[in-house]
Amino acid sequence: MGRSLSPGRRAALAALGLVMLVVAACRGRARSPEPPAEPAAEVIVREGPAIMGIPGVAGLYEGRSPGGETVIRVMLVSAADSLVRRIPRRLGGYRVEIEVSGEIRPLDR
Amino acid sequence: MAVFFPRRAAIVASLIVTAALVVSGCSKDRANPLSPTTGTDLGATKNGITLSLAHPAVRGVTEVQDRHTAELMAIQGVVGTATGLDANGELAVLVLTEHELGAGRLPTTIEGLPVVQEVTGRIRAMDSGAAHKVKQTVPVQMGTSGGWRYDLANGYCCGGTLGSLVLKGGQQYVLSNYHVLEADIVSGGNSRVATAGDPVVQPGLIDISCNAATGQNVATLSGIKSLPSSNVDAAIAQVVSGMVRTDGSIIDVGTISATTQAAAIGQAVKKSGRTTGLTRSSVTGLNATVSVAYDNECAGGAAFTKTFTGQIVIKNRGSRFLNGGDSGSLMVQDVTTSPRAIGLLFAGSSSTAIANPIGHVLSFLGASMVGN
């Protein structure tokens, strides 16, 4: 004859398991990355040639998000998925934002 | 032998579903249809749907915007409202402000929608640019149409802006771009190349029906070709005595400071140029590496592609700040009196303008700004 848990104990175990799951899932949100030590300008100088070598990249620069975070923006000539996928999410520790600028041209007439 | 009761199965299933919802809610990386984070350009797509009033979700946000515009406009410093995207690419109510409003001045959400502050500066009627294209009575002001007198080739004439005045070796020179004054480097369609001593006309050929005879020579090319080797798109032309105001006055700007200033993100700027006249914007980026393709003459073939580094990026939504023909304009602080020069505008797109830092330009030329 096998032993089985009472309904009350089963419920308690289930609740404990759920709490552990919540803690595990939310731990990542509590952490935020520290600002990179290397200035964004230096990251752009170092990483720029490789990014500029991707066809469809018009440029990259140091920007600021509305929240005041320093980001590196990569300007693209189009929003094609195949191009966007080639751009890294972070460069030198800085979050990368995509800007669909179109081609940059001299503005004479 | 254990028997699996239906009620137990229901409990287990509900726990699994609950856990899945909790994990997805706490996950740091929210799904974003365009990865990595997209910018806030209004022309972007969200979840594959073009942002337009044809879409119900966008219309819903505009209705929220409309319901709250009156109360938002009553807040001092607010100059307008709009529907757009926040930094995460989510639909948001934009609040346009004359200057940065501090924390607590604006609501963070409206009817559940994020509120995004966009510092636009004061909204003014646009200068049509007409005063910047006409033939002026001498001595002329800067911020005006001008160009190489022989810039006619392949069925087209070209020109840009004579943006400002600089001092070099005790002589005054008009400052513009290399590609406005000296970019004709092949005999090609006009059997000419831009050469030191060639005249610079005001207005440019583009505003006198390509007929140089109806323009007036105001300067002569120096022959200092900044491209393709240097990191600036700059050219100067020595002033013809009596043809240019010696105080360096710029149309709609007046006289500027002789002192320059480095760009900063968020800085309010203005410029006076041939096409869009007096316009205002703000610096959105620094230390830009940007690639620009140049032609070998007016309406000619490809000459070279130059990759510039350390450039200034300025917001140019809808080409309202800078458009074709404005090349050569001087970008200055947006202040009323004696603004300091910040950059030399030379390139862009319908959303972005690019300027050489003025320090780089003056250093290359061995010159200083003419000003107060």
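Residues numbered from 1 in each chain as written. Chains lettered and ligands numbered in written order. Predicted model: local features only at pLDDT ≥ 70, side-chain atom pairs only at ≥ 80, totals over all residues. Heavy atoms only, no water.

Caption draft 1: Spotlight on the overall build of chain B. Summing up its helical and strand segments, chain B has four helices and 22 strands in all. Across the 372 residues that make up chain B, the buried fraction comes to 51%. Across chain B, the fraction of contacts at a sequence separation of at least 24, relative to all contacts at a separation of at least 6, is 63%. Total accessible area computed for chain B in this model is approximately 15,700 Å², and 54% of it derives from carbon and sulfur atoms. (Helix = DSSP H or I, 4+ residues; strand = E, 2+ residues; numbered from the N terminus. Buried < 20%, exposed > 50% of the residue type's maximum accessible area, 1.4 Å probe, protein only. Contact = heavy atoms within 4.5 Å. Areas by Shrake-Rupley, 256 points an atom, 1.4 Å probe, with all protein chains shown as cover.)

Caption draft 2: Structural view of the overall build of chain A. For chain A, the count of helices and strands is three helices and five strands. When the helices and strands of chain A are listed from N to C terminus, the series reads α-α-β-β-α-β-β-β. Looking at the 109 residues of chain A, the share that counts as buried comes to 34%. Long-range pairs, those at least 24 residues apart, make up 42% of the contacts in chain A with a sequence separation of at least 6. When the accessible surface of chain A is summed, it comes to about 6,600 Å², and 57% of that surface belongs to carbon and sulfur atoms.

Caption draft 3: Quick peek at the sheet that holds strand S22 (residues 368–369) of chain B. Residues and elements named next belong to chain B. Within the open sheet, the eight strands sit side by side as S10-S7-S13-S14-S15-S12-S11-S22. Their pairing is antiparallel. Looking along the sheet, the strands with just one partner apiece sit at the ends: strand S10 (160–162) and S22. Judged from the four bridges that link them, strand S12 (residues 171–176) and strand S15 (residues 235–239) form a sheet pairing that is antiparallel. Residue pairing for S15: Leu-175 is matched across the bridge by Ile-236. (Pairing = 2+ DSSP bridges.)

Caption draft 4: Looking closely at the pairing of strand S19 (residues 330–333) of chain B. Residue and element names in this part refer to chain B. With three bridges joining them, strand S16 (residues 268–273) and S19 adopt antiparallel strand pairing. Paired with Lys-270 across the two strands is Val-332, which belongs to S19. In terms of strand pairing, S19 meets strand S20 (residues 341–348) through three bridges, oriented antiparallel. What sits directly across from Val-332, in S20, is Ala-341.

Caption draft 5: Geometry of helix H4 (residues 358–365) of chain B. Residues and elements named next belong to chain B. Listed in full, the buried residues belonging to H4 are Ile-358, Val-361, Leu-362 and Leu-365. All buried residues of H4 lie within an arc of 90 degrees about the axis, which places them on one face of the element. The first or second residue beyond H4 is Gly-366, which carries a positive phi of 70 degrees. (Arc of directions from axis to C-beta.)

Caption draft 6: Expanded view of the state of the cysteines. Residues and elements named next belong to chain B. Tallying each qualifying case throughout the model produces two disulfides over all chains. Between Cys-157 and Cys-210 runs a disulfide, and the two sulfur atoms are separated by 2.1 Å. Disulfide Cys-157-Cys-210: the torsion about the S-S bond is -65 degrees, which places it as left-handed. With a gap of 53 residues between them, Cys-157 in strand S9 (residues 156–157) and Cys-210 in the loop between strand S13 (199–202) and strand S14 (216–221) connect regions that are remote in the sequence. The class of Cys-157 is buried, set by a relative accessible area of 10%. (Disulfide = S-S within 2.5 Å.)

Caption draft 7: Geometry of the packing of aromatic side chains. Residue and element names in this part refer to chain B. This model, assessed by the stated rule, comprises six aromatic pairs over all chains. Aromatic rings pair up to connect Tyr-178, Tyr-294, Phe-304, Phe-308 and Phe-346 into one cluster. For Arg-192, the ring lying beneath its charged end belongs to Tyr-150, and the centroid distance is 3.6 Å. Sitting over the face of the ring of Phe-321, Lys-271 holds its NZ or CZ atom 5.7 Å from the ring centroid. (Phe/Tyr/Trp six-rings, centres within 6.5 Å; stacked < 30°, edge-to-face > 60°. Lys NZ or Arg CZ within 6 Å of the ring centre and 35° of its normal.)

Caption draft 8: Seen up close, the nonpolar core. Core analysis: the biggest nonpolar cluster contains 39 residues, and B:Leu175 and B:Val244 have the highest contact counts within it. Elements with a minimum of two residues in this core: strand S11 (164–168), S12, helix H3 (178–181), S14, S15, S19, S20 and H4 of chain B. B:Val244 has contacts with B:Pro139, B:Val140, B:Met142, B:Leu165, B:Val174, B:Val218 and B:Val239, leaving out every residue within four places of it along the chain. With 18 residues, the next largest nonpolar core counts A:Ile51, A:Val74, A:Leu76 and A:Ile98 among its residues. (Core = buried A, V, L, I, M, F, W, Y, C linked by side-chain atoms within 4.5 Å.)

Caption draft 9: Looking closely at the pattern of salt bridges. Residue and element names in this part refer to chain A. Evaluated as defined, the whole model comprises 11 salt bridges over all chains. Between Glu-69 and Arg-95 there is a salt bridge; the shortest N-O distance is 2.8 Å. Here the residue Glu-69 occupies a position in the loop between strand S1 (57–64) and strand S2 (70–76), and Arg-95 occupies one in strand S4 (residues 94–100), the gap between them amounting to 26 residues. Several salt bridges converge on common partners, so that one network encompasses Glu-69, Arg-73, Arg-95 and Glu-97. (Salt bridge = Lys/Arg side-chain N within 4 Å of Asp/Glu carboxyl O.)

Caption draft 10: Spotlight on helix H2 (residues 40–52) of chain A. Where H2(A) bends most, the angle comes to about 45 degrees, and this point is A:Arg46, followed within four residues by the proline A:Pro49. Restricting attention to buried positions, one finds in H2(A) the residues A:Ala40, A:Val43, A:Ile44, A:Gly48, A:Ile51 and A:Met52. The inward-facing, buried residues of H2(A) abut S1, S2, strand S3 (90–91) and S4 of chain A together with strand S17 (277–295) and strand S18 (302–315) of chain B. (Bend = angle between axes of the 7 residues up to and from the residue.)

Caption draft 11: Highlighting the pairing of S4(A). Residue and element names in this part refer to chain A. By the criterion of burial, S4 is predominantly enclosed, with six of the seven residues buried. Pairing analysis gives five bridges linking S2 to S4, with the strands arranged parallel. Residue pairing across strands places Arg-73 opposite Glu-97, the latter belonging to S4. Bridge analysis of S3 against S4 gives two bridges, and the strand direction is antiparallel. Among the inter-strand pairings, Leu-91 is bridged to a residue of S4, identified as Tyr-94. Between the end of S3 and the start of S4, which pair antiparallel, lie two residues, with Gly-92 showing a positive phi angle near 55 degrees.

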